[in-house]
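# Geometric and topological summary
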Amino acid sequence: MKEKIWLSSPHMGEKEMKYVQEAFATNWIAPLGPNVNGLEHDLEAYLGNDVHVAALSSGTAALHLALVILGVNAGDEVICQSMTFSASANPIVYQGASPVFVDSEETTWNMSPEYLEEAIQDRIRNGKKPKAIIVVHLYGMPARMDEIMNIARRYEIPVIEDAAEALGSTYKGRAVGTFGDMGILSFNGNKIITTSGGGALISANEEYIKEARFLATQARDHAPHYQHSQIGYNYRMSNVCAGIGRGQMEVLPQRVAQRRYNFDFYKQALADVDGIQFIADPGKDFYSNHWLTTVLIDSDEYSIIDIQDALTEDNIDCRPLWKPMHMQPVFKHCLYYGNGISERLFDKGLCLPSGSNLTEAELNRVVARIGEVVNVKKSFKNIANNPISCVTFALVTALTMFV
Ligand SMILES: *Cc1c(COP(=O)(O)O)cnc(C)c1O
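Residues numbered from 1 in each chain as written. Predicted model: local features only at pLDDT ≥ 70, side-chain atom pairs only at ≥ 80, totals over all residues. Heavy atoms only, no water.

Put simply, the test is: UniProt positions are given in the numbering used here, feature names are shortened, and annotations may be inferred rather than shown by experiment.
Where an unreviewed UniProt entry is consulted, the chain appears under the name Aminotransferase class I/II-fold pyridoxal phosphate-dependent enzyme, with the organism given as Niastella soli. Quoted straight from UniProt, the Sequence similarities (unreviewed entry) entry for the chain says "Belongs to the DegT/DnrJ/EryC1 family."

Next up, the structure:
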């Protein structure tokens with residue numbers, strides 16, 4: 001068996017152990033401490049725009065707290081991009097609210113401003129004005145934030161940006177996650193940088209972040225004893241994990257550069273292959289971290305399954321795109337506004353190995369394997385389409401069987 005090529009695996013720099021060792025040396029093995037403060041500070045400096053950051057146990061926890069802080073409750077409706085990972089939508093249900101899913105648009109694969117507005121208008125007509133909008137920067141690609149924020153402001157609905165996959169991406173030169181009322185990041189093991197598990201809540205509104213820190217540490221009132229006036233959560237990041245995060249922040253620019261390099265590499269190497277399309281930044285306003293390189297396979301000669309099978313056989317990790325939420329069994333009763341764009345993307349899309357630690361040899365191995373599938377399938381197809389070679393092919397096959 002050839003050595004495994006991962007889709008997106010953790011990639012440590014040089015300083016992570018130093019921060020973790022500091023945590024041990026000072027016995028700050030707690031969900032609080034100097035590394036947590038340090039990581040929050042590093043993120044605030046990196047994101048700019050005067051945002052405040054709370055480091056939390058996961059991106060999912062950050063989304064959940066954002067909804068709690070915005071007062072989303074049982075019976076409410078929250079608009080959510082359909083084309084995403086389930087963690088974008090699950091916290092809506094934790095609150096007893098209902099997701100209303102909105103389709104993607106073609107250029108970014110993210111929330112369609114057109115269907116967003118249609119959904120808002122229709123829900124208002126039904127007496128159910130949405131409580132919040134969750135927009136996702138999928139695979140690192142910034143969503144059309146100008147259009148989305150304009151609509152949200154016009155109807156006075158708060159926006160939460162799910163930037164779990166998009167640390168390092170910018171829209172009009174500004175970090176994604178800083179446009180909405182709140183934004184979230186994830187530092188799960190497969191994301192662009194990792195704390196082994198972790199996340200963050202971002203907001204320019206310091207009150208939101210203070211409230212998030214309060215809620216994330218069991219909502220303890222200021223009192224000499226343990227007193228609670230609100231339901232709290234255990235959602236803070238550990239000081240050990242935050243140490244990993246501080247080390248990772250020091251190499252973030254290199255990680256973004258490498259992921260973007262992977263994208264360019266694949267795009268160039270597979271440029272001549274009919275039926276493979278790349279999603280590039282749709283204009284100078286968009287700067288994707290290209291967390292994962294994704295392709296659309298649209299060919300009569302080979303299928304997405306052919307490529308997936310061949311890569312898997314070669315011990316190369318690959319993965320279909322996220323299956324839209326409105327197609328998921330668990331959400332099938334939910335409302336959906338759209339026109340089948342996310343469905344088509346799901347049908348044709350594939351994520352290629354995209355880690356920042358891939359070697360040139362590994363990238364070449366992936367490209368070579370795809371090239372093999374495409375060529376084999378193509379020549380088979382040509383034979384099948386040509387009566388004379390069809391006969392030759394049958395003869396050769398028959399002969400080979402007898403030999
Ligand atoms: C990873 C991810 C999350 C969840 O983050 P966790 O830290 O794993 O909880 C949410 N949304 C999207 C789009 C993600 O990719």
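And the narrative resumes.
## Structural notes on empty space enclosed by the protein
Remark: the empty space left among the atoms is shown by a probe the size of a water molecule rolled over them. Applied cut-off: Here a cavity means grid points, on a 1 Å grid over the protein atoms only, where a 1.4 Å probe fits yet cannot get out; a pocket means an open set of points with protein on both sides within 12 Å along at least five of seven lines; lining residues are those with an atom within 4 Å of a point. Grid points are joined across faces, edges and corners, and a volume is the space filled by probe spheres set on the points. Gly counts as polar in this scheme, as do all residues outside two lists: the nonpolar Ala, Val, Leu, Ile, Met, Phe, Trp, Tyr, Cys and Pro, and the charged Asp, Glu, Lys and Arg. Each domain span listed reflects an automatic or database assignment of domains.
A complete count under the given rule lists one cavity of 30 Å³ or more for this structure. Size it by volume and the largest cavity reaches roughly 90 Å³. Every residue lining the largest cavity is listed: Thr 108, Trp 109, Leu 138, Tyr 139, Met 141, Phe 263, Ile 279, Ser 288, His 290, Leu 292, Thr 293 and Thr 294. In the lining of the largest cavity, the residues fall into seven nonpolar, five polar and no charged. Summarising the domain contributions, the lining of the largest cavity has at least three residues from each of domain 1 (16-251) and domain 2 (253-400).

## Considering the site of the ligand
How we decide: When we say a residue is near a molecule or strand, we mean one of its heavy atoms is within 4 Å of it. Here a polar contact means two N or O atoms within 3.5 Å. Within protein one must be a hydrogen donor candidate and the other an acceptor candidate, and residues neighboring in sequence count only if both atoms are side-chain atoms. Method for areas: the Shrake-Rupley scheme with a 1.4 Å probe, in which residue coverage is limited to the protein chains shown.
Within the structure, the ligand sits among 15 residues, and Thr 60, Asp 162, Glu 165, Ser 186 and Lys 191 are positioned closest to it. Here an oxygen atom of the ligand and a side-chain polar atom of Asn 188 are 3.1 Å apart. At 3.2 Å, a side-chain N or O of Lys 191 approaches an oxygen atom of the ligand. Isolated, the ligand exposes 380 Å² of accessible area, and the fraction of that covered by the protein chains is 94%.

## A word on the packing of helix α5 (residues 113-125) against helix α6 (residues 145-154)
Which entries qualify depends on this criterion: Geometry is summarised by axes, namely lines fitted to C-alpha atoms with helices restricted to the contacting stretch, and by angles between N-to-C directions that run from 0 to 180 degrees. Secondary structure elements are taken from DSSP: a helix is a run of H or I of four residues or more, a strand is a run of E of two residues or more, and numbering for both begins at the N terminus. An angle counts as roughly parallel when it lies under 35 degrees, as roughly antiparallel when it exceeds 145, as roughly perpendicular when it falls between 65 and 115, and as oblique in every other case. Should the near helix be turned anticlockwise from the far one by less than a right angle, the crossing is left-handed, and should it be turned clockwise, the crossing is right-handed. Note on contacts: a residue pair qualifies if any of its non-hydrogen atoms lie within 4.5 Å across the two residues.
At a minimum axis separation of 9 Å, α5 and α6 run at an interaxial angle of 15 degrees. As far as their axial angle goes, α6 and α5 are roughly parallel. The handedness of the crossing between α5 and α6 comes out as right-handed. Facing Pro 113, Leu 116, Glu 117 and Ile 120 of α5, the residues of α6 in contact are Glu 147, Ile 148, Ile 151 and Arg 154. By residue class, the composition of the contact of α5 with α6 is five nonpolar, no polar and three charged.

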